[in-house]
Amino acid sequence: MNTLSKPKILVARAIFPDTLELLESLFDVHSNQADRILSPAELQEALSSVSGALVAGSERIDQQALSRAKNLKVVANISVGYNNFDVAAISAAGVMATNTPDVLTDTTADFGFALLMSTARRITESEHWVREGKWDKWSIVNNPLGMDLHHSTLGIIGMGRIGQGIAKRALGFGMKVVYHNRNRLSKEDELACGATYLNKEELLREADHVVLVLPYTPENHHAIGVNEIALMKPTATLVNIARGGIVDDNALAQALQSGKIFAAGLDVFEGEPVVNPELLKCRNIVIAPHIASATEKTRRAMVALAIENLRAALTGQKPPSLINPEVWGKN
Ligand code: 8YV
């Protein structure tokens, strides 16, 4: 293939250099290795001349972004969650949309569990305690005292692949697992996770630890706010590895500051990468910068799957993780 016949694609965020080289052998690549997030106008401009685009959660793909994208056939998200996509607008434009499920399930479930442990056992707070020179204040009752995970009740809201992965890890800790999900799991899947279905209110009342792994949709906006937090135990922890906006961050900060719940572990935030200053004031919080899928092996696997989706779409094959199959074969 000479350069002129290669389809033109956009790589909207920096990717691994060796992967970029591979892409350049297949496509005429316009990449953003500088990794400055494109403004909506820049994204619209960049999409106007390409057949495919590799994007991430930082790129909002909606009617405005697509308004000049006359040749675009596929937008491939390097992410399993796709709340950055207006799928209806993408489908209306006849464009295929893809995501990266499965390849990040175990890494993300590991991280969910790590954040849960770190939150319940106050690991980052303890580190600050040591760095502030307070170790000499050690006493039986004056250490940062945490909450046990083993033999406690874990409530998982959002029981997809990652939620189920967390449930399976919890079994090793002898935890009782309860879950809430849009659709109840099959008996077989419930058994494999050792998980019991509860409605959301029951779960919030019963759980010692609540982990959020549900997709962000308009219905799930502030699914955890003042009223939901009020149902939780004062000794409970809340972990969010799903999306910012599912939790009302102002309400959470207020609850953490007034001791309505014990602690929170957050990988995602409303308006990230900015973190609500009231949350930053809380000592009983573990903060991570949206790193649940961040191991090199998994990020490479996500990029590889996104590329495979893009390559398939541009060579007349059905992409392996097509979100909007109704568009398939129509563009
Ligand atoms: C990504 C994620 O790192 O896959 C997801 O849904 O949240 C993360 O794995 C992030 O969305 C980058 O696009």
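The structure this text deals with has already been given above.
Calculation criteria
Residues numbered from 1 in each chain as written. Predicted model: local features only at pLDDT ≥ 70, side-chain atom pairs only at ≥ 80, totals over all residues. Heavy atoms only, no water. Near = heavy atom within 4 Å. Polar contact = N/O pair within 3.5 Å; in protein donor to acceptor, adjacent residues only side chain to side chain. Areas by Shrake-Rupley, 256 points an atom, 1.4 Å probe, with all protein chains shown as cover. Nonpolar A, V, L, I, M, F, W, Y, C, P; charged D, E, K, R; others polar. Core = buried A, V, L, I, M, F, W, Y, C linked by side-chain atoms within 4.5 Å. Buried < 20%, exposed > 50% of the residue type's maximum accessible area, 1.4 Å probe, protein only. Helix = DSSP H or I, 4+ residues; strand = E, 2+ residues; numbered from the N terminus. Domains from an automatic or database assignment. Pairing = 2+ DSSP bridges. Right-handed = clockwise from strand over helix to strand, strands pointing away.

(A) Looking closely at the site of the ligand. Surveying the vicinity of the ligand reveals the residues Ala56, Gly57, Ile78, Ser79, Val80, Gly81, Leu104, Arg243, His290, Ser293, Arg299 and Met302. Within the side chain of His290, a nitrogen or oxygen atom sits 2.7 Å from an oxygen atom of the ligand. Burial of the ligand by the protein amounts to 84% of the accessible area it has alone, namely 330 Å². Class assignment for the residues of the shell around the ligand results in five nonpolar, five polar and two charged.

(B) Representation of the nonpolar core in the model. One finds Leu23, Leu54, Ile156 and Ile166 to be the most contacted residues of the largest nonpolar core, which totals 49 residues. Every element with two or more residues in this core is listed here: β1 (8-11), α1 (17-26), β4 (74-77), α5 (105-120), β6 (153-157), α7 (161-171), β7 (176-180) and α13 (296-314). Counting only domains with at least three residues in this core, you end up with domain 1 (3-101 + 295-327) and domain 2 (105-287). In this structure, Leu203, Leu204, Ala251 and Ala264 belong to the second largest nonpolar core, which totals 31 residues.

(C) Structural view of the pairing of strand β9 (residues 209-212). With burial as the criterion, each face of β9 is covered, one bearing His209 and Val211 and the other bearing Val210 and Leu212. Pairing geometry for β9 and strand β10 (residues 237-240), over four bridges, is parallel. Counterpart to Val211 in the pairing with β10 is Val239. Following the backbone out of β9, through helix α10 (residues 226-231) and into the adjacent parallel β10, one traces a crossover that is right-handed.

Keep in mind these values describe shape, not function.
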